Structure formats: structure tokens, C-alpha cells
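Each chain, letter by letter, is given below.
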Amino acid sequence: MNLNIDAGKGGKKQKIQLDAPGKKKKHNASLESKKARAGWIFVLPFVIGFVLIYIPIIYDSIKYSFNEIKILVGGGYKLEPVGFKNYSDALFVDTSYVTTLISGLKQLVLDIPSIVIFSLFVAIILNQKIAGRAAFRAIFFIPVILTTGLIANIDAANNLQSYMENTQGIDDGSGQTSTATQIVSVLDVERLFDNMMVGTEIVEYVVQMVNNIFNIVNRCGVQMLVFLSGLQSISPAIYESCSIDGASGWETFWKITLPMVSPMILVNTIYTIIDAFTSNDNQVMSYIARVYEQADGNVLSSAMSWMYFLIVILIIAAVAGILSAFVFYQRRD
Amino acid sequence: MNNVESAPKIKRETKNTIRVDFERTPFWERVKAKLLNLYTLKKVVWYLFRLLLLLGISYVILFPFFSKISSSFMSKEDFVDVTVILIPKHPNLDIYRAIIKDNKYFEALGNTFVLSLICAAIQTFVCMFIAYGFAKFKFKGNGLLFMCVIFTLVVPHATLQLSLFMKFRYFDVLGILNLLGGGVFDGLNITGGVTSVNFINTNWPLYILSLTGLGFKNGLYIFMLRQFFRGIPDELEESAYLDGSGIMRTFFSIIIPLSTTMMITVFMFAFCWQWTDNFYTELFYTTAGQKLLPDIIKIPKSLDTNYAGQSLYSSAITNTCGIMIIAPLIVLYLFGQRYIVQGIERSGLTAD
């Protein structure tokens, strides 16, 4: 503080003043490194698991797909390298893998738009004021919690077993599919759309979507909530100014709502792809599971699932690449 | 103009208030002007349409549960009776009794409850810990490690089925047991020839996976929690640091109380998904192991299914198993659904 005492002391002061920022910087750095260390401590469980369990598992899985496993009598197992034999077996020897894969991927590509569009539609409706909104939300979220894993398996077996065989249409628990299909008869819709000059493929797609409504509703719980949270983050002032300027609801949807939720569309599309192709009830997965169960240490399933994984990663990359070109990010300053 | 001419008639006048009679438009006219226009009509039609649509979709979701519940009370005769559709003619509890007795329902329920509770608790806590690290601390490799989290979410389980089984059938960390047990050097044998541990038919595989944030859909929880923690303003923690609180203390006494809703959400997800999971339970438990809920899905021995309505009857039995499996979850959901909806909405899962 008292700077002008004499030259010698002044020089000393200057030195101290030079020191002080240095000290402060050092202190800052130590806090930063302390925080970085704390960050590592927080993510440590994952790092340990990833390095010690996950990477070996991935490595093993890739290794198994190039090997043959022999379980030894006294415990333990032995690997015999066979090169690309498992992959070529899956592609050329196994008769139904390729057809299952193609139809499964086709189904995946068809399902994704319907799930995303449907969940956006429902989210928009649920976001508006309506009697019993909380109750509807609770109901719409039931499938995410309850119709998973075991229950989905039971339902899948149900439909095959009784709905297919039973022509009388007695409701026995699988009734949901038969009633859902009876809501819209395929013939009616086709007759309706016949004169409208749209391609038969589109009509078939729509009919399939309506008939499949139970599956679609079951799979869009999380996506719906993501859209809901996105819709609620849009400021009401924007809608207000739009309506003052005379925009109709239709215009508002295309010019305001859609661009504002486009980041959620990207997230939901990717989530839907991941969810659809990792779920056990998808046909490729269940085929791979059947192959796995056929014999102990069956490595064919590893090869099959790695091929499937690669294809889906390519699809995700392509979809993310295409969609992110259209995503609109609101600048928040 | 007319109104001005006919000046308001003074009805009653006191010191402070004055009551005036206006000539008002008749009530019916006002209602007509207000409600019978295109704008209101459009609004009403749109409202009814939405209500109808929501009711329809709710029906699609709820109907399977109703039909499953009603068919679970039916007796054998009801399945061959064409006149019986939803309401049983001879209601009884035979199916429930047989499942509880023959399939050992309560034993399986208890085992699954312990497993799901411990797994869900561990997963919730560990995921919060990891997600907080990703959300609030800058360190080298943060982004790369988070990509790894997403990677674990994207790889399907079936890809890892075989190697997961092998890993826990012959469990060994970094080959330490193999080294000590004489697997590498012949002279070295500390563990008595034990070169690996067999974890099949124990709960350890699931506990270990939960502890390291690799359990079922844990990547999703970490992602959700990270988004949530990012929304908490940094100033909150900075002021805690200034007041002399350490990083851990800040996490436990400031961040955790703030995120109860998210915690309940993640816990419910983890609990319910572990409860109905059949992938890991089929992988890590053989028939010799403890009874878990997937094991009760079978036709009880005491029920005779060998008659005309057989296929319907047996699928009704399987459905009853399903109902009994998710019954505790329905109760849990009734209490917790509010938190789930709030939790997901607050996490603001966005692509940034």
C-alpha cells in the first residue's frame, strides 16, 4: 500500500507485487487440478468397470467370433482359431440369418418414422389443456415400466399362440391385437384411399401402422416424454406473437413448433433405433438368442450379432448425419 | 347511441354506493354471441377430438391388462364357452392358487425383490456419482469417456451374451487369480489351484455390473442424470466451496437433496427393469440356482390343460403369471408415476 518509501524498498515491493499474481495463478491451477482429480474420482467406478470388465468382454466377444470354443472336461475351455469361418457360416451356410436380418432391418426402418411421428403427435396433444391430463400421462407411461422384458415375451408368445390359431376371436388376454385390427379393416381403408391417387405402398404402410398401434404405443413412452419436455421449453410468448401476427395453428406448427423440437427429433430417432434393435422382441435379436441356446459355447451367435451391430451403427451414423443437417438450435445467450 | 339517450335509472342511492339499472342485452343473446361462433365451434370440436383420441389410446394401452385380469379369474369351462368374453361365468382363484403353490411364487418374489432392490439402489447411487463427475468437472478425457458410456448403451446385450457368461463363469481380474493359482508358473500356488471364481447362480455378476455402471440401461441413467446436473447452476457449488465445504460434502449435502425427484425416477426405472428383466437372469442363473420370477412362468402341475380349450387356457395361465409378476410394480407405479413424469421432464433430454 505504502509504495513510495525509498528506492530499495520500492524494488522489493515490486518484486512482491510480481510474485503475488504468480502465487495466485499457482493457486488457481491447484484448484483446477484438484477439481480434475475429483472428476476422475467421481467417474472412477465407470472407468474401472469399463477397463477391467467391459473392454475384456468386448475383446472376448470379437475374439470368440473368430474362434471355436471347446469346453474341457475338467473345467475351463479352449479356443481354436478358425478365421472368418463363423462369419461366412452365418452368411452362407445358415439358411435363415440373411432373410431374418433383411426383414428385421426393413421393419426397423419402417417402425422408426411411425414411432417418432406418433410420439410427437401425442406429445403435442398432451401439452394442450385437457381434462385429466395427469391421468393420461400416467397411463401413457405404463408400457415403459411394465411391458418390458418378461411381459413383452409373454405377450409375444400370446399373439402367436392364440391370436393366430384362434379364429373365433375370444378375448383371452391377447384380445388387444384382434380388437386393434378390428378397428380399421384393411379393405375399408384401401377402398377409401384407392381414389386418392396415392401409391399403394403408402396406403399399405398407413394400414400397417394403424393395425400395429398397440406395438407403437408400447414403444413410444420415453420419446413422448422427451418431446413433452421439449415442447414445454418453448416460450409461450413466441406463440402469442404468432397468433397476433395472424398465423394459423397449422403455420405455427411448421414454422415454430417443428424447428424448436428438431433437436428432440434427432435424440428420439437415435433412441428409437437403439431401443428397437437392442430389445429382445425384435426378430433378429430373438433369432440370435435362439442360435445361442442351440449349443453350449455357440460362437456363431457372436459373429451374427457383431455383423448386426455394425449394420445398425452404420444406420445410426447415416440417420444422425442426415438429420443433424436439419436440426435448428436456438441460440441462448 | 340508444344507450346514451336512455340515461341509466338510479335504483338506490346511499351515502357511499349507488346502484344503477342498465338496459342490458338479454342473457340468451349474450350467450349466443359468445359461444355460437366459428371460433368456439372449432375449439370445441378440436377439444372433443383430442379427448376421444387420448381415450382411445388409453384404451389400447389398458385393455390388455383388463382382459388379462379377467381371464385370470375364469374357470376351465369358461374358455370353451362362446358366450363368455370378458366377464367370467364361474369366477374362481384356481389359477392363482396353483401358481402360488406349484410354481413357488412367493419364494421367487422374495429372491427377485432382494436382487432388484440391491441392484437398483447400487445403480442409482453409482450412476449419480458418475454422472456428476461428467457434468460438473472438466478433466482430460471427459468427452471421450462419455462416448464410452454411450457406446455401452448402444452395444446390444446379445452381442456380449457369450463373453459375459464366460467372464463370470471363470471370473478373474487381470489374471491375478490365474497367476497366484499356478496357471502361469508351476511353482507358484497360493490359492490352492484355484485359477478363477465361478459366479454363476449367485447375485455377484449383477452386483458387480451395477457397481461399475455397466448394468441394464445404466448408460441411459448416466445420460439423463448428467443432463439434469448440468441444469443446476454452478454458483450453488461455488458458494458452497467458498464457505469451506469440500467437493464430496457439497455433493452429498447440496446436490443429492436437490435431485430427489431424479433419484426416485432412476431408482424406479432400475427397479422395474431389473424386476422384469429376463436377459441377465437367464444368462447368470441356471435351473439349479435360486428361483427368480422368470422361473414361475410355466403351467402348474396341478392344472389339467389337456382338453378342448387348451391353448386359450394355457395362455391365460401364462398371462396370470405375468399379472402376478407385475402386481407389485403396479402398486409401486401408482405411488411413483408422478416422480417419473416430472423427472423425465426436468432432465430435459436434449441434444447438446
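Residues numbered from 1 in each chain as written. Chains lettered and ligands numbered in written order. Predicted model: local features only at pLDDT ≥ 70, side-chain atom pairs only at ≥ 80, totals over all residues.

Visitor: Explain the overall build of chain B to me, using residue names and the numbers behind them.
Guide: Across its full length, chain B carries 16 helices and 2 strands. A total of 352 residues make up chain B; the buried ones form 36% of that total. Within chain B, counting contacts between residues at least 6 apart in sequence, those at least 24 apart form 69% of the total. (Helix = DSSP H or I, 4+ residues; strand = E, 2+ residues; numbered from the N terminus. Buried ≥ 20, exposed ≤ 12 C-beta atoms within 10 Å, placed from the backbone. Contact = placed C-beta atoms within 7 Å.)

Visitor: Just give me the short version of the overall build of chain A, but keep the residues and values in it.
Guide: Per the secondary structure count, chain A includes 14 helices and 2 strands. Sorting the 333 residues of chain A into buried and exposed places 32% on the buried side. Considering only residue pairs separated by 6 or more positions, chain A has 67% of its internal contacts joining residues 24 or more positions apart.

Visitor: Break down the domain arrangement of chain A for me, with residues and values.
Guide: Reports often express the size of an interface as the amount of accessible area lost when the parts come together. Residues and elements named next belong to chain A. Considered domain by domain, chain A is made up of domain 1 (7–65) and domain 2 (85–324). On the domain 2 side, the residues contacting the 4 residues of domain 1 number 5 residues. Of the residues belonging to the side of domain 1 that touches domain 2, the class tally is 2 nonpolar, 2 polar and no charged. (Domains from an automatic or database assignment. Nonpolar A, V, L, I, M, F, W, Y, C, P; charged D, E, K, R; others polar.)

Visitor: Describe the nonpolar core, with residues and values.
Guide: Grouped burial of nonpolar side chains is what soluble globular proteins tend to show. In this structure, Cys127(B), Ile130(B), Ala131(B), Tyr221(B), Leu225(B), Val266(B) and Ala270(B) are the most contacted members of the largest nonpolar core, which totals 113 residues. Lining this core are residues from two domains, each supplying at least three of them: domain 1 (7–65) and domain 2 (85–324) of chain A. Discounting chain neighbours no more than four positions away, the residues touching Ala131(B) are Ile222(B), Leu225(B), Arg226(B) and Phe229(B). By size, the runner-up hydrophobic cluster in this structure holds 22 residues, among which are Tyr97(A), Ala276(A), Met307(A) and Leu162(B). (Core = buried A, V, L, I, M, F, W, Y, C linked by C-beta atoms within 7 Å.)

Visitor: Can you break down the interface of chain A and chain B residue by residue, with the values?
Guide: Between chain A and chain B, the residue contacts involve 85 residues of the former and 82 residues of the latter. Examining the composition of the side of chain A that touches chain B, we find that 21 residues originate from one element, helix H1 (residues 7–65) of chain A, more than from any other. Classifying every residue of the side of chain A that touches chain B by side-chain character gives 53 nonpolar, 26 polar and 6 charged.

Visitor: Which residues make up the pairing of strand E2 (residues 18–21) of chain B, and what are the values?
Guide: Residue and element names in this part refer to chain B. Bridge count for strand E1 (residues 9–13) against E2 is 4 bridges, and the pairing is antiparallel. Its bridge partner being in E2, Ile10 is matched across the sheet by Val20. Counting the residues in the hairpin turn of E1 and E2 gives 4 residues. (Pairing = 2+ DSSP bridges.)

Visitor: Explain the packing of helix H10 (residues 221–232) of chain A against helix H12 (residues 249–278) of chain A residue by residue, including any values.
Guide: Residue and element names in this part refer to chain A. Running from N to C, H10 and H12 cross one another at 165 degrees; their axes reach a closest spacing of 9 Å. Considered as vectors, H10 and H12 are oriented roughly antiparallel to each other. The hand of the H10/H12 crossing is right-handed. Facing Val222, Gln223, Val226, Phe227, Gly230 and Leu231 of H10, the residues of H12 in contact are Val261, Met264, Val267, Asn268, Tyr271 and Thr272. (Axes fitted to C-alpha atoms, helices over the stretch in contact; angles between N-to-C directions. Parallel < 35°, antiparallel > 145°, perpendicular 65-115°, else oblique. Left-handed = near helix turned anticlockwise from the far one by under 90°.)

Visitor: Account for unusual backbone geometry, naming residues and giving values.
Guide: Residue and element names in this part refer to chain B. The phi dihedral of Asn201 falls on the positive side, at around 70 degrees, and the residue is not glycine. Within the secondary structure, Asn201 is located in the loop between helix H9 (176–180) and helix H10 (204–211). When the 14 C-beta atoms within 10 Å are taken as the criterion, Asn201 is described as partly exposed.

Visitor: Provide a residue-level description of the confidence of the model for chain B, including the pertinent values.
Guide: Residues and elements named next belong to chain B. Mean pLDDT over chain B stands at 80; residues scoring 70 or higher make up 85%. Ranking the elements of chain B by mean pLDDT puts helix H1 (residues 2–5) last, at 52, and helix H6 (residues 105–136) first, at 90. At the level of chain-chain contacts, confidence expressed as ipTM amounts to 0.74, with global pTM at 0.77. (pLDDT = per-residue confidence, 0-100.)

Visitor: Can you tell me about helix H11 (residues 236–244) of chain A, naming the residues and giving the values?
Guide: The element H11(A) is barely covered by neighbouring structure, given that only 0 of its 9 residues are classed as buried. With its phi angle positive at about 90 degrees, Gly246(A) sits one or two positions after the end of H11(A).

Visitor: How would you sum up the environment of Val319(A)? Please name residues and give values.
Guide: Residue and element names in this part refer to chain A. Positionally, Val319 belongs in helix H14 (residues 300–324). Spatially, the C-alpha atoms of Val319 and Leu266 are 8.6 Å apart, while their sequence positions differ by 53 residues. With residues up to four places along the chain from it excluded, the contact list for Val319 reads Thr269 and Ile273.

Visitor: Could you give me a rundown of the environment of Val20(B), with the residues and numbers involved?
Guide: Tracing the backbone through its elements, the reader meets Val20(B) in strand E2. A sequence separation of 221 residues divides Val20(B) from Tyr241(B), and the C-alpha atoms of the two residues are 67 Å apart.

Visitor: Talk me through the packing of helix H3 (residues 97–127) of chain A against H10(A); I want residue IDs and the actual numbers.
Guide: All names here are of chain A. Close contact between H3 and H10 brings their axes to 8 Å; oriented N to C, the two are set at 50 degrees. As summarised for this structure, H3 and H10 are arranged oblique, according to the angle between their axes. Seen along the crossing, H3 lies across H10 with a hand that is right-handed. The segment H3 lies against H10, with Ile115, Val116, Ser119, Leu120, Val122, Ala123, Ile124, Leu126 and Asn127 engaging Gln223, Met224, Phe227, Leu228, Leu231 and Gln232. Among the residues forming the contact of H3 with H10, the class breakdown is 11 nonpolar, 4 polar and no charged.

Visitor: Outline helix H11 (residues 218–231) of chain B, listing residues and values.
Guide: Residues and elements named next belong to chain B. Between its first and last C-alpha, H11 extends 20 Å over 14 residues, near the 20 Å set by a 1.5 Å rise per residue. Counting buried positions over the 14 residues of H11 gives 11, a clear majority of the element. Those residues of H11 lying buried are Asn218, Gly219, Leu220, Tyr221, Ile222, Phe223, Met224, Leu225, Arg226, Phe228 and Phe229. (Expected span 1.5 Å × (residues − 1).)

Visitor: A description of the confidence of the model for chain A should follow, citing residues and the corresponding values.
Guide: All names here are of chain A. Chain-level pLDDT for chain A is 73 on average; 72% of the residues reach the 70-or-more range. Put simply, helix H6 (residues 175–183) is where chain A has its lowest mean pLDDT, 43, and H11 is where it has its highest, 90. The low-confidence segment residues 1–26, where pLDDT is below 50, has 4 contacts with residues more than four positions distant or belonging to other chains.

Visitor: How would you explain the environment of Phe279(B) if you had to name every residue and give the values?
Guide: All names here are of chain B. Tracing the chain through its elements places Phe279 in helix H15 (residues 279–284). C-beta crowding within 10 Å serves as the criterion here: with 19 such atoms nearby, Phe279 is assigned to the partly exposed category. The spatial distance from the C-alpha of Phe279 to the C-alpha of Trp46 is 44 Å, given a sequence separation of 233 residues.

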